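Examining the three-dimensional arrangement
Chain by chain, the residues run as shown.
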Amino acid sequence: QVRLIESGGGLVQAGGSLRLSCAASGSISSFNVMDWHRQAPGNQREFAARLTSDGTTYYSNSVKGRFTISTDVTNNTIYLQMNSLNPEDTATYYCRVVVPGGVVIWGQGAQVTVSS
């Protein structure tokens, strides 16, 4: 069973940047889909960014142009570079992957807090 460990969250001022990392225990080259989702207090979890196995990226309208999803295959790590952060980006960020067979695996989450 693949495990995902997020890191890189923290407190940042509005306008600042953070990079989240999601370290996988298995080879990310075999993953069909790699996502980042986020959940703000009192809200439902929502999609933020996706990278598919063919290299196609998708972003929600709320993060498009500011966030970038990428990978380091050598280190089996999925990244989310977040720029121009604003208080509305405050949330717990979750890494999610779909592995061969269609199994969906979530990480434990990383807290991001943006102060105004």
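The structure contained in this document is the topic of the report that follows.

This part takes up the pattern of salt bridges. By the definition in use, this model includes 5 salt bridges. With a closest N to O distance of 2.9 Å, D89 and R38 form a salt bridge. Of the two residues, D89 is situated in the loop between strand 8 (77–82) and strand 9 (91–99) and R38 in strand 4 (residues 33–39); the sequence distance between them amounts to 51 residues. Here the two residues D89 and R38 agree in accessibility, since each one is buried. A salt bridge links D89 to R66; the nearest nitrogen and oxygen atoms lie 2.7 Å apart. Residue D89 is found in the loop between strand 8 and strand 9, and its partner R66 is found in the loop between strand 6 (57–59) and strand 7 (67–72); the two are separated by 23 residues along the sequence. Accessibility expressed as a relative area gives 14% for R66, which makes it buried. A single salt-bridge network, built from bridges that share partners, covers R38, E46, R66 and D89.

If you walk across this open sheet you meet the 4 strands as 1-3-8-7, and the pairing is antiparallel. At either end of the open sheet lies a strand with only one pairing partner, and these are strand 1 (4–7) and strand 7. Pairwise comparison of adjacent strand axes, ignoring direction, gives a mean angle of 20° for this sheet.

Let us now look at the nonpolar core. Among the nonpolar cores identified, the biggest contains 31 residues, and W36, I78, L80, M82 and Y93 are the most heavily contacted of them. Elements with a contribution of two residues or more to this core: strand 3 (18–24), strand 4, strand 5 (46–52), strand 7, strand 8, strand 9 and strand 11 (110–115).

Evaluation of the coordinates by the stated rule reveals 1 aromatic pair. Seen from their ring centres, Y94 and W106 are 6.4 Å apart, and the 85° between their planes marks the pair as edge-to-face. With Y94 in strand 9 and W106 in strand 10 (residues 103–106), the pair connects residues that are 12 residues apart, well separated along the chain. For Y94, a relative accessible area of 13% translates into the label buried.

Okay, the environment of D54 next. Its location among the elements puts D54 in the loop between strand 5 and strand 6. Once the C-alpha coordinates of D54 and N32 are considered, the two residues, 22 residues apart in sequence, prove to be 8.5 Å apart. Within the structure, the side chain of D54 is placed 2.4 Å from the side chain of T52, a separation counted as a polar contact. Here the side chain of D54 touches T56 through a polar contact of 2.9 Å, side chain to side chain.

The next subject is the pairing of strand 1. The side chains of a regular strand alternate between the sheet's two faces. Burial of strand 1 is one-sided: the residues L4 and E6 facing one way are buried, the residues I5 and S7 facing the other way are not. Bridge analysis of strand 1 against strand 3 gives 4 bridges, and the strand direction is antiparallel. Across the sheet, the residue bridging to S7 is S21, located in strand 3.

Rules used in this analysis
- Residues numbered from 1 in each chain as written.
- Predicted model: local features only at pLDDT ≥ 70, side-chain atom pairs only at ≥ 80, totals over all residues.
- Heavy atoms only, no water.
- Salt bridge = Lys/Arg side-chain N within 4 Å of Asp/Glu carboxyl O.
- Helix = DSSP H or I, 4+ residues; strand = E, 2+ residues; numbered from the N terminus.
- Buried < 20%, exposed > 50% of the residue type's maximum accessible area, 1.4 Å probe, protein only.
- Pairing = 2+ DSSP bridges.
- Axes fitted to C-alpha atoms, helices over the stretch in contact; angles between N-to-C directions.
- Core = buried A, V, L, I, M, F, W, Y, C linked by side-chain atoms within 4.5 Å.
- Phe/Tyr/Trp six-rings, centres within 6.5 Å; stacked < 30°, edge-to-face > 60°.
- Polar contact = N/O pair within 3.5 Å; in protein donor to acceptor, adjacent residues only side chain to side chain.

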